[in-house]
Amino acid sequence: MLVKKYCPVNAAILKRRTDRSTSVLFFRDARPIGAACRGWHSRCVTKNHTVGPFERATPAARPGIGLALGGGFARGFAHLGVLRVLEQHRIPISCIAGTSVGSILGAAYASGAPLARIVATCRTLRLRDIARWRVSRLGFASNHRLGDLIERVFEARQFEDLHIPMAVVATDLNTGEPVVISHGDLIDAIRASCAFPGLFEPVEIGTRCLVDGGLVAPVPTRAARDLGAAFVLGVSVGMQDGYRGTPSNIFQVVSRAVAAAQKHQMEVWERDADLVLRPDVQSLAWDDFDRADEAIEAGAAAALSALPRIQKILARAASIQECNALERSQLRLVEAVR
């Protein structure tokens, strides 16, 4: 039923291409795996060193808000409402981590694309702009078309060219581990993070078989913290499919199974968040792309209600940083006198 709804005629099978190896970053030890990293972006990392074939990175705490944008298909448009409120009230964003649709919208904003352009694109976006239906044993569709969307909307194609440090979270199907990608090619990283199992085919990056990051990081708060965020704001829009009653297609079965598993992960990802926003988008189905404005307004309402708390926390953090800077200055003065 799902394929019939969106694809009356099967598309031609795309030729499989070989993706070049991309370095990735594990939550547990924050190191890139894969191709040797030739230098982290200066805004993300303060120092690094090589240990055998691996390179470790130690991020410094960054002022402003670290955003963790969760997955949720069309519900994820609520992230744009949150970004709009933060931008209007001049709340600085230190870094962004994204899972699934959160990786698309977060990376678009981090690339420097105007928020108005992103919103205008999402208002006309439909599933056919992302999915290309094809015969495959691994999924109903390929999400290669995401590449065209990124080329059209984004102002950057590489992590190193982003205006705001960014991390994209995917899931390694072979190990079950979360994989955080923070440098290299944006298109492959985002496609992997959005490859919802059962619907989209997995994405191969190097020797890894990657799928939707929402399986292991529904809201990637840990990834935002690892980028050096002093204050992490999580935005959760939920993974429920928005339909009631008995599932009517395989996607509803898989999405509800994933949502059930994610309920038991809340305690894990909330631990790394200083504040969590939950926009009221429960009435939206996963494929309600034509209701983007409703989702955006729900995100804006959630951000506005939390704005006083956000401003208070940022003011306190700035005060602490000033005190620390003063202490360091005094220590340097004492050492100079000696």
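Residues numbered from 1 in each chain as written. Predicted model: local features only at pLDDT ≥ 70, side-chain atom pairs only at ≥ 80, totals over all residues. Heavy atoms only, no water.

## With respect to the pairing of strand β10 (residues 178-181)
Alright, step 1. Neither face of β10 is exposed, since Pro178 and Val180 on one face and Val179 and Ile181 on the opposite face are all buried.
Alright, step 2. Taking the residues that link successive antiparallel strands as the turn, the strand β9 (residues 166-172)-β10 hairpin has five residues, and the phi of Gly176 there is positive, at about 75°. (Buried < 20%, exposed > 50% of the residue type's maximum accessible area, 1.4 Å probe, protein only. Helix = DSSP H or I, 4+ residues; strand = E, 2+ residues; numbered from the N terminus. Pairing = 2+ DSSP bridges.)

## Focus: the nonpolar core
Within soluble globular proteins, side chains that are nonpolar generally end up buried alongside one another.
Alright, step 1. Ranked by size, the top nonpolar core spans 82 residues in total, and within it Phe77, Ile190, Phe200 and Ile310 carry the most contacts.
Alright, step 2. Looking at this core element by element, the count peaks at 12 residues for helix α10 (residues 292-337).
Alright, step 3. Excluding its chain neighbours within four sequence positions, the residues that come into contact with Ile310 are Ile65, Leu86, Ile91, Phe231, Leu233 and Leu275. (Core = buried A, V, L, I, M, F, W, Y, C linked by side-chain atoms within 4.5 Å. Contact = heavy atoms within 4.5 Å.)

## Things to note about the pattern of salt bridges
Oppositely charged side chains may form a pair once their charged atoms are brought near each other.
Alright, step 1. In total, this model carries 10 salt bridges according to the counting rule given.
Alright, step 2. Taking the shortest distance from any N to any O, the salt bridge between Arg123 and Asp293 comes out at 2.7 Å. Residue Arg123 is located in helix α4 (residues 115-124), and its partner Asp293 is located in helix α10; the two are separated by 170 residues in the primary sequence.
Alright, step 3. Take Arg123: its relative accessible area is 45%, and that puts it in the partly exposed class.
Alright, step 4. Assessed through its relative accessible area of 39%, Asp293 is described here as partly exposed.
Alright, step 5. It is possible to trace a salt-bridge network through shared partners that takes in Asp288, Arg291 and Glu294. (Salt bridge = Lys/Arg side-chain N within 4 Å of Asp/Glu carboxyl O.)

## Quick word on helix α3 (residues 101-110)
Alright, step 1. Buried residues dominate α3, accounting for 10 of its 10 residues.
Alright, step 2. Those residues of α3 not exposed but buried are Val101, Gly102, Ser103, Ile104, Leu105, Gly106, Ala107, Ala108, Tyr109 and Ala110.
Alright, step 3. Once α3 finishes, Gly112 follows within two positions and takes phi at roughly 100°, a positive value.

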